[in-house]
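Here's the letter readout for the chains.
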Amino acid sequence: SSGINAEYGYLDERDTWFLLNTLLSLGLPPPSPSLSNKITTNYAAQLERLGLSKWAVFVLRHLPSGGENALKQLVRRICGDRETEKFCVDRLRMSSEMWSRERALAARFRGEWECEVLHMCDAQQYMQAHNTFLKKIATEKVVSREEESLRCCLEKLLPHQDEIPGWGSGGGVYYGYICLPSSLPDSKEELEELRVKVSEVGAALNLLPYTSLHEVCAVDIMGLRTSTLLVHVWKALFHETENMELLLTLRTFPMPTDYWLHDVLSKISSEIITHEEECIY
């Protein structure tokens, strides 16, 4: 049976539906609400079977309350048809958010998490998009060293951060992290600004979830990269790495449990972490 609860049959519902709406336009009462709804849904199903989905939408909008539930089910089936969507939004004054919501749902069923986040943002469901980003995308991309691919989702969420509970301890932390530069600036003023920024990002990493294996690995990877970057900045600024303030700052950064602060410092100073630096930069 159809998702819009139509009864499939061999009758052409056109004349019946047009006659019904003619009577209604003249102010005459319908035979019964249930019969009117049945005629409308049957005609919409007929149009959909004929490939005239946009006119099926038009017909369903004559249902009580705009036929919202029936429309959702129809849009779910045709949400990939951009031409029909444009017609329905531009000509039939349908909400574009409904189409985006259904595309997000379809992407979820396919396991396409980035597409789901982007469509949820288009549907103005920013909190749900943020939750999906944290649970399905963020740690996976960090662990697989694909951090830059996080930018697309984060930049879509960023303008709406005030509408997202937990942004400052979730997406905002990842955004600060991916905005760290891959090379050091030349001027002392820029280096000092970067030192402050790196220190803030490193401390903020402690706000991220640290329970599952992927979460622990992701946070440790980001902590190690941030620590290494801070030492490089400090070295460029002060030409030293053995400094109490630096050590105290690094202690606030999450790092793998088998790393000691002196390991990070000595490895950098002796330049024997070529592979690590390639991953970091």
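Novice: Explain the side chain of Asp220 residue by residue, including any values.
Specialist: Looking at the secondary structure, you find Asp220 in helix H12 (residues 213-238). Arg145 is the oppositely charged side chain nearest to the buried, salt-bridge-free Asp220, at an N-O distance of 11 Å. Reaching out from Asp220, the side chain makes a polar contact with the side chain of Tyr210 at a distance of 2.9 Å. Setting aside residues up to four positions removed in sequence, Asp220 forms contacts with Tyr210, Pro254, Met255 and Pro256.

Novice: Explain the pattern of salt bridges to me, and be specific about the residues and the numbers.
Specialist: If you walk through the whole model with that rule in mind, you get 15 salt bridges. Of the charged contacts, one joins Asp90 and Lys86 as a salt bridge, the two residues approaching to 2.7 Å between their closest N and O atoms. Of this pair, Asp90 and Lys86 both sit in helix H5 (residues 82-90), 4 residues apart, which is roughly one turn of that helix. Residue Asp90 is classed as partly exposed on the basis of its relative accessible area of 37%. A salt bridge links Arg195 to Glu245, with the shortest nitrogen-to-oxygen separation between them at 3.7 Å. Placement of the pair is Arg195 in helix H11 (residues 188-204) and Glu245 in helix H13 (residues 244-250), with a sequence separation of 50 residues. Residue classification places Arg195 among the buried residues on the basis of a relative accessible area of 15%. When its relative accessible area of 43% is taken as the criterion, Glu245 is described as partly exposed. A single network of salt bridges, built from pairs that share partners, joins Arg82, Glu85 and Arg103.

Novice: For the side chain of Ser100, give the residues involved together with the corresponding values.
Specialist: Within the secondary structure layout, Ser100 lies in helix H6 (residues 96-110). Beyond its immediate sequence surroundings of up to four residues, Ser100 is in contact with His119, Asp122 and Ala123.

Novice: Describe the packing of helix H8 (residues 126-143) against H12, naming the residues involved and giving the relevant values.
Specialist: One way to put it is that H8 packs onto H12 with a least axis distance of 8 Å and a crossing angle of 55°. Taken together, H8 and H12 sit at an angle that is classed as oblique. The way H8 lies across H12 gives a crossing that is left-handed. Side by side, H8 and H12 meet where Thr139, Glu140, Val142 and Val143 of the first sit next to His214, Glu215, Cys217, Ala218, Ile221 and Met222 of the second. The class makeup of the residues in the contact of H8 with H12 is 6 nonpolar, 2 polar and 2 charged.

Novice: Lay out helix H2 (residues 33-49) in plain terms, naming residues and giving numbers.
Specialist: Taking 1.5 Å per residue, 17 residues should reach 24 Å; H2 reaches 24 Å between its end C-alpha atoms and fits that length. Those residues of H2 lying buried are Ser36, Ile39, Thr40, Thr41, Asn42, Tyr43, Ala44, Ala45, Gln46, Leu47 and Glu48. Those residues of H2 that are buried lie in contact with helix H1 (14-25), helix H3 (53-60) and helix H4 (68-78). Once H2 finishes, Gly51 follows within two positions and takes phi at roughly 85°, a positive value.

Novice: Any chance you could break down the nonpolar core for me, citing the residues and the numbers?
Specialist: Counting 40 residues, the largest nonpolar core has Phe133, Leu150 and Tyr174 as its most contacted members. At the level of secondary structure, the elements contributing two or more residues to this core comprise helix H7 (113-122), H8, helix H9 (151-157), helix H10 (171-178), H11, H12 and H13. Among the elements that take part in this core, H12 stands out by supplying 10 residues, more than any other. In this structure, Tyr174 is in contact with Phe133, Leu134, Ala138, Thr139, Val142, Leu150, Leu154, Leu208 and Met222, ignoring residues within four places of it in sequence. The next biggest cluster of nonpolar side chains, apart from the first, holds 23 residues, and it includes Ala44, Leu63, Val75 and Cys79.

Novice: Break down H10 for me, citing the residues and quoting the values.
Specialist: With 6 of 8 residues buried, H10 lies mostly within the body of the structure. Taken together, the buried positions of H10 are Gly171, Val173, Tyr174, Gly176, Tyr177 and Ile178. Buried residues in H10 make contact with H8, H9, H11 and H12.

Novice: Pulling in residues and values, what's your account of the state of the cysteines?
Specialist: Scanning the model with the defined rule gives 0 disulfides in all. The thiol of Cys152 is not disulfide-bonded; the next cysteine sulfur, from Cys153, is found 5.5 Å away.

Basis of the calculations
- Residues numbered from 1 in each chain as written.
- Predicted model: local features only at pLDDT ≥ 70, side-chain atom pairs only at ≥ 80, totals over all residues.
- Heavy atoms only, no water.
- Helix = DSSP H or I, 4+ residues; strand = E, 2+ residues; numbered from the N terminus.
- Buried < 20%, exposed > 50% of the residue type's maximum accessible area, 1.4 Å probe, protein only.
- Lys, Arg positive; Asp, Glu negative; His and termini not counted.
- Salt bridge = Lys/Arg side-chain N within 4 Å of Asp/Glu carboxyl O.
- Polar contact = N/O pair within 3.5 Å; in protein donor to acceptor, adjacent residues only side chain to side chain.
- Contact = heavy atoms within 4.5 Å.
- Axes fitted to C-alpha atoms, helices over the stretch in contact; angles between N-to-C directions.
- Parallel < 35°, antiparallel > 145°, perpendicular 65-115°, else oblique.
- Left-handed = near helix turned anticlockwise from the far one by under 90°.
- Nonpolar A, V, L, I, M, F, W, Y, C, P; charged D, E, K, R; others polar.
- Expected span 1.5 Å × (residues − 1).
- Core = buried A, V, L, I, M, F, W, Y, C linked by side-chain atoms within 4.5 Å.
- Disulfide = S-S within 2.5 Å.

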